[in-house]
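# An overview of the molecular structure
Chain by chain, the residues run as shown.
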Amino acid sequence: MYSAESRIIKARQYFEERDERIRVESLRCTFEGEHSSHVIEYENHVWKCDCEEFLRTFVCAHIMAIEKTLGAGVSPAVKPDVAS
Ligand SMILES: [Zn+2]
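The present account deals with the structure reproduced in this document. (Residues numbered from 1 in each chain as written. Predicted model: local features only at pLDDT ≥ 70, side-chain atom pairs only at ≥ 80, totals over all residues.)

Secondary structure assignment for the protein chain yields 4 helices and 3 strands. Shown N-terminal to C-terminal, the secondary structure of the protein chain runs as helices and strands in the order α-α-β-β-β-α-α. By residue count, 11% of the 84 residues in the protein chain fall in the buried class. Partitioning the contacts of the protein chain with sequence separation of at least 6, the portion at a separation of at least 24 is 29%. (Helix = DSSP H or I, 4+ residues; strand = E, 2+ residues; numbered from the N terminus. Buried ≥ 20, exposed ≤ 12 C-beta atoms within 10 Å, placed from the backbone. Contact = placed C-beta atoms within 7 Å.)

Given below as C-alpha cells:
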C-alpha cells in the first residue's frame, strides 16, 4: 500500500515521464483569447477551434499553446489531407 509520500514521489516521476505515459484521446476546453473565448476540441488526433485563424489555416495559437502544455500526449495540428 502506498503511503502519501510515496504517492507524491510516484506522481513526480510520472510527470517527468508524461510524454511517454500520457495519451490524450479526447479533449474539450475553452480558451480565453485576447478578444474572445474559444472552444477547442481534440478527438482521434484531430484538432478543432472555432477561431477565424483555425478556419483559414487548420492551426492557431490557441491549439499551439495547448499542444505545448500537453506535450507528446497529443498529435500536432495539421491540415487535413484533402486529396483522400
Ligand atoms: Zn484558435
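What follows deals with the pairing of strand 3 (residues 46-49). On strand 3, burial follows the alternation: Trp47 and Cys49 on one face are buried, whereas Val46 and Lys48 on the facing-out side are not. As paired elements, strand 2 (residues 37-43) and strand 3 share 4 bridges and run antiparallel to each other. For glutamate 41, the partnering residue across the bridge sits in strand 3 and is lysine 48. Here strand 2 folds back onto strand 3, and the loop between the two strands holds 2 residues, one of which, asparagine 44, carries a positive phi near 50°. (Pairing = 2+ DSSP bridges.)

Here the focus is the nonpolar core. The biggest cluster of nonpolar side chains holds 8 residues, and these are Ile40, Tyr42, Trp47, Cys49, Cys60, Ile63, Val74 and Ala77. Broken down by secondary-structure element, the contributors of at least two residues to this core are strand 2 and strand 3. If sequence neighbours within four positions are ignored, tyrosine 42 has contacts with Val24, Ser26, Leu27, Trp47 and Val74. (Core = buried A, V, L, I, M, F, W, Y, C linked by C-beta atoms within 7 Å.)

In this section: the pairing of strand 2. Here is the key point about a regular strand: its side chains alternate between the two faces of the sheet. For strand 1 (residues 26-32) and strand 2, the ladder comprises 7 bridges, and the chain directions are antiparallel. Looking at strand 2, one finds that cysteine 29 is bridged to isoleucine 40. The loop that links strand 1 with its antiparallel partner strand 2 comprises 4 residues.

Pairing within the open sheet is antiparallel, and its 3 strands lie in the order 1-2-3. Two strands in the sheet have a free side with no partner beyond their single neighbour: strand 1 and strand 3. Averaged over all neighbouring strand pairs, the angle between strand axes comes to 15°, with direction disregarded. Packing of helix 4 (residues 61-70) onto the sheet brings it into contact with strand 1, strand 2 and strand 3, and relative to strand 2 it is tilted by some 55°. (Axes fitted to C-alpha atoms, helices over the stretch in contact; angles between N-to-C directions.)

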